[in-house]
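# Structural description and commentary
These are the residues of each chain, in order.
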Amino acid sequence: MKALILHPRQVLIRKRDLAIKLQQVSPHPDPKVALEQYTIPADLAANILFEACYIYDDIENKSVIDLGTGTGRLALGASMLGAEYVVGVDLDMPSLGVAIRHAKQLALRPDWVHCDIRSLRGRVDTVLMNPPFGTKQPHADIHFLEVALTLGTTVYSIHKSSTRRYLIRWLQGRADLTERILSARMEILHQFPFHRKQKHQVEVDVFRIHPS
């Protein structure tokens, strides 16, 4: 059962319109296998952002960081929904270049940081992230979570549904609250030599986490 809307207020942009704008943001220009770079689908990004903003009050007038931002769909969407401050962080400069270009086209002003997320310090209200699944680099998703839990009051994170039990066990003692707010099928296009299909559907969960 979903929580009630915390603060009913004017919707700055309809979810459908947000998804359309995010669809115009280009995917990774040169995706790298080691980084497991899969662009978040625009409709999934819009769904997560609307839940975070209008159900849980975690976006509008909040400080937001997007870890592993890629081409910036989550960071740009948070900006469109009225976040007070947004920063997108990624290790891949070509992807950040795409994010910067689209931010200018959309007249948005998030900050962009080119660094390894492990070097980050400080606190924000909300962490958004579509981390590596940990398929090519075991536990890469956990490494992202470890950083996110040190940075955010609330964390939104996407994970393969097949890892659900392990993830919930790992979070025990590290989080005061872990709730699965969405389950979806994430479409992954053919982009690496080992992909056998033009499109592949991956079952994913979206978690909302309050660190201990």
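Going by the structure above, here's the rest.
Read on for a plain summary of the structure. No experiment lies behind these values; they were computed from the predicted model shown. (Residues numbered from 1 in each chain as written. Predicted model: local features only at pLDDT ≥ 70, side-chain atom pairs only at ≥ 80, totals over all residues. Heavy atoms only, no water.)

## What about the pairing of strand β1 (residues 63–67)?
Most of β1 is tucked away: five of the five residues are buried. In β1, alternate side chains face the same way, and those of Ser63, Ile65 and Leu67 on one face and Val64 and Asp66 on the other are all buried. Where β1 meets strand β2 (residues 85–90), five bridges bridge the pair, whose relative direction is parallel. Paired with Ser63 across the bridge in β2 is Tyr85. (Buried < 20%, exposed > 50% of the residue type's maximum accessible area, 1.4 Å probe, protein only. Helix = DSSP H or I, 4+ residues; strand = E, 2+ residues; numbered from the N terminus. Pairing = 2+ DSSP bridges.)

## Things to note about the packing of helix α2 (residues 42–55) against helix α3 (residues 73–80)
Running from N to C, α2 and α3 point in directions that differ by 45°, and their axes come no closer than 10 Å. Judged by the inter-axis angle, α2 sits oblique to α3. Every pair of crossing elements has a handedness; the one defined by α2 and α3 is right-handed. The residues of α3 that touch α2, namely those facing Ala42, Ala45 and Leu49, are Arg73, Leu74, Gly77 and Ala78. (Axes fitted to C-alpha atoms, helices over the stretch in contact; angles between N-to-C directions. Parallel < 35°, antiparallel > 145°, perpendicular 65-115°, else oblique. Left-handed = near helix turned anticlockwise from the far one by under 90°. Contact = heavy atoms within 4.5 Å.)

## Some thoughts on the side chain of His159
Relative to the helices and strands, His159 resides in strand β5 (residues 152–160). Within the structure, His159 has its side chain in polar contact with the side chain of Ser157 (distance 2.6 Å). Beyond its immediate sequence surroundings of up to four residues, His159 is in contact with Pro131, Phe133, Asp141, Leu145, Leu167, Glu203, Val204, Asp205 and Phe207. (Polar contact = N/O pair within 3.5 Å; in protein donor to acceptor, adjacent residues only side chain to side chain.)

## Some details on the pairing of β5
Among the nine residues that make up β5, seven are buried, leaving the element largely enclosed by the rest of the structure. Note: strand β4 (residues 124–129) against β5, five bridges, orientation parallel. Across the sheet, residue Leu128 finds its bridge partner in β5, namely Tyr156. Pairing geometry for β5 and strand β7 (residues 199–211), over six bridges, is antiparallel. When the bridges of β7 are listed, Val155 appears paired with Ile209.

## Remarks on the side chain of Ser157
Looking at the element boundaries, Ser157 is found in strand β5. Ser157 has contacts with Met129, Pro131, Leu145, Asp205, Val206 and Phe207, leaving out every residue within four places of it along the chain.

## Some points on the pattern of salt bridges
All told, the structure shown has seven salt bridges when counted by the stated rule. A salt bridge links Asp205 to Arg164, with the shortest nitrogen-to-oxygen separation between them at 2.7 Å. Separated by 41 residues along the polypeptide, Asp205 in strand β7 and Arg164 in helix α6 (residues 164–171) bring together distant segments of the chain. Owing to a relative accessible area of 0%, Asp205 belongs among the buried residues under this scheme. According to the relative accessible area criterion, Arg164 is partly exposed, its value standing at 28%. Taking the shortest distance from any N to any O, the salt bridge between Arg208 and Glu179 comes out at 3.0 Å. Of this pair, Arg208 sits in strand β7 while Glu179 sits in strand β6 (residues 175–189), and the two are 29 residues apart along the sequence. The network of salt bridges with common partners includes Asp58, Glu179 and Arg208. (Salt bridge = Lys/Arg side-chain N within 4 Å of Asp/Glu carboxyl O.)

## Some remarks on the nonpolar core
One finds Leu18, Leu49, Ile59 and Leu81 to be the most contacted residues of the largest nonpolar core, which totals 45 residues. Here the element with the most residues in this core is α2; it accounts for eleven residues. The residues touching Leu18, leaving out its near neighbours within four places in the chain, are Ile13, Ala46, Leu49, Phe50, Gly77, Met80 and Leu81. Counting 24 residues, the second largest nonpolar core, distinct from the first, contains Leu120, Val147, Leu167 and Phe207. (Core = buried A, V, L, I, M, F, W, Y, C linked by side-chain atoms within 4.5 Å.)

## Topic: α3
Within α3, eight of the eight residues are buried, which leaves it mostly tucked inside the rest of the structure. Among all positions in α3, only Arg73, Leu74, Ala75, Leu76, Gly77, Ala78, Ser79 and Met80 are buried. Of the residues flanking the end of α3, it is Gly82, one or two places downstream, whose phi is positive at about 90°.

These values are about where atoms sit, not about what they do.
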